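# Report on the structure
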Amino acid sequence: MNIAEKINYRVGKIRATNCIGNYYYSKAFNDKAINYYIKALKLAESSNDIENIIIGKSNLANIYGKHNNLAKAINLLQECNNLLLQKGDSASRNRAAILTNLASCYSTNQQHDSAIYFYNKVYEICNSAKINFGIALALHNLGSEYLQTKKYATAIDY
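Treat the numbers as computed from the prediction; the structure is a model and nothing was measured.

Right, let's get into the packing of helix α4 (residues 50–66) against helix α5 (residues 70–86). The geometry of α4 relative to α5 is characterised by a closest axis approach of 8 Å and an angle of 160° between their N-to-C directions. Our classification of the angle between α4 and α5 gives roughly antiparallel. Regarding α4 and α5, the two cross each other, and that crossing is left-handed. For the pair α4 and α5, the contacting residues are I50, I53, I54, K57, S58, L60, A61, Y64 and G65 in the first and L70, K72, A73, L76, L77, E79, C80, L83 and L84 in the second. Taken together, the residues that form the contact of α4 with α5 break down as 13 nonpolar, two polar and three charged.

Right, here's the structure in full:
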């Protein structure tokens, strides 16, 4: 962080601030992690750095999702998805990851139809990009959702 500040490297400041947030997140100091993620997000927003805005919002969503503030997590992940679509990024690994997290939040929130919808989107992305691990994960998650909704025959197919 000091070097990025010293040479006034904007992206370096954002990424270093996110990394400090990641450190605190890994140590379960969530209040500190949130503070650093918000600082990084504000820096990214001040320069309209879409890539780092997505990273910042996704980082915050992960914390909120793990601590049952699902409405906030869902909102942030939907914002990330919208930003990806606005920049023409409809079929990337990054979008698949965002949509997987979004579907997981919907599932935890007992909104299984929404979870199924987004896991299907993840499957489509991974299938078209030949991301085998993503395909397997999406199929597993779809099977789990159908199991949750007691559609056992469909769950077995997945």
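Here the largest pocket defines a volume of roughly 160 Å³. As for the largest pocket, its lining consists of R93, A96, A97, T100, V122, C126, I131, F133, G134, L137, A138 and N141. When contributions to the lining of the largest pocket are tallied by element, the ones reaching two or more residues are α6 (93–108), α7 (112–129) and α8 (132–148). Among the elements that make up the lining of the largest pocket, the one with the highest residue count is α8 (five residues). In terms of residue class, the lining of the largest pocket is made up of eight nonpolar, three polar and one charged.

Thresholds applied
Residues numbered from 1 in each chain as written. Predicted model: local features only at pLDDT ≥ 70, side-chain atom pairs only at ≥ 80, totals over all residues. Heavy atoms only, no water. Axes fitted to C-alpha atoms, helices over the stretch in contact; angles between N-to-C directions. Helix = DSSP H or I, 4+ residues; strand = E, 2+ residues; numbered from the N terminus. Parallel < 35°, antiparallel > 145°, perpendicular 65-115°, else oblique. Left-handed = near helix turned anticlockwise from the far one by under 90°. Contact = heavy atoms within 4.5 Å. Nonpolar A, V, L, I, M, F, W, Y, C, P; charged D, E, K, R; others polar. 1 Å grid on protein atoms, 1.4 Å probe; cavity = no way out; pocket = protein on both sides within 12 Å on 5 of 7 lines; lining within 4 Å. Points joined across faces, edges and corners; volume = space filled by probe spheres on them.

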